Amino acid sequence: MAEALREGVRRPRNFVARYGGEEFVIILPNTDIGGAELVARQLQEVIQGRYIVHEYSSVGCCVSLSFGVAVLIPRGSDSPLELFNAADQALYDAKRQGRNRVVVKPIVQSPTVPH
């Protein structure tokens, strides 16, 4: 799975890592929300094209991907945890909606206040 994800995430600065049992994190620096959603959909196609049989799945015969997509333009007060939580929430929304989905969760940031 990790190999297929790395194949689909092409830019050298992009990063794929296994986060948990069946969860991966993909970091796409300098990518807007539309670009991140496009990468997620392309990765779904890569995995569907490999037709990886999932013998123990109660959902379908083959491995499918659900994505939670979030984008954060970092500022001094922002925490990476905010980005992670938004993506995690979007992922669980995708799973609740029937799996093999891409759910995008924009992070609304308050405007910076000049000093």
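Attention in this report is confined to the structure presented alongside it. Given the structure is predicted, the values throughout are model-derived calculations rather than measurements. Per-chain numbering applies: the sequence of each chain, read as written, is numbered from 1 onward. Totals for whole chains, interfaces and linings use every residue, but because this is a predicted model, local features are given only for residues with pLDDT of at least 70 and side-chain atom pairs only at 80 or more, for both listing and counting. To get the side-chain values, all heavy atoms of the structure are used, and hydrogens and water are removed first.

### Some words on the pairing of strand E2 (residues 24-27)
- By this definition, two strands are paired if DSSP reports at least two bridges between them. Runs of H or I in DSSP of at least four residues are treated as helices and runs of E of at least two as strands, each being numbered from the N terminus. Judged from the 4 bridges that link them, strand E1 (residues 15-18) and E2 form a sheet pairing that is antiparallel. Directly across from Phe15, in E2, lies its bridge partner Ile27.
- From the end of E1 to the start of E2, which pair antiparallel, there are 5 residues.

### Focus on the side chain of Glu23
- Tracing the backbone shows Glu23 in the loop between E1 and E2.
- Burial here depends on accessible area, computed with a 1.4 Å probe over protein chains only, as a share of the maximum for the residue type. Under 20% is buried, over 50% is exposed, and the range in between is partly exposed. A relative accessible area of 17% places Glu23 in the buried class.
- Note on contacts: a residue pair qualifies if any of its non-hydrogen atoms lie within 4.5 Å across the two residues. Once residues within four sequence positions are removed from consideration, Glu23 is found in contact with Arg18, Asp88, Leu91, Tyr92 and Lys95.

### Side note on the nonpolar core
- Val9, Leu43, Leu65, Phe67 and Val69 are the most contacted members of the largest nonpolar core, which has 17 residues in total.
- Of all the secondary-structure elements, those providing two or more residues to this core are helix H1 (2-8), helix H2 (33-50) and strand E3 (67-69).
- In this structure, Phe67 is in contact with Ile26, Ala40, Leu43, Gln44, Ala90, Leu91, Ala94, Arg101, Val102 and Val103, ignoring residues within four places of it in sequence. Only buried residues count toward a nonpolar core. Its members are Ala, Val, Leu, Ile, Met, Phe, Trp, Tyr and Cys residues joined through side-chain atoms within 4.5 Å.

### Brief notes about helix H3 (residues 80-96)
- In a helix, the anticipated span is given by 1.5 Å times the number of residues less one. For H3, which comprises 17 residues, the first-to-last C-alpha distance of 25 Å matches the rise-based estimate of 24 Å (1.5 Å per residue) to within 8%.
- Buried within H3 are the following residues: Ala86, Ala90, Leu91 and Ala94. Each buried residue of H3 lies within a common arc of 140° when the element is viewed along its axis, so the set occupies one face. For H3, exposure combined with an orientation more than 90 degrees from the buried face picks out Leu81 and Arg96.
- Looking at the buried positions of H3, the neighbouring elements they touch are E3 and strand E4 (102-104).
- The first or second residue beyond H3 is Gly98, which carries a positive phi of 120°. The directions from the helix axis to the C-beta atoms are what the arc is built from.

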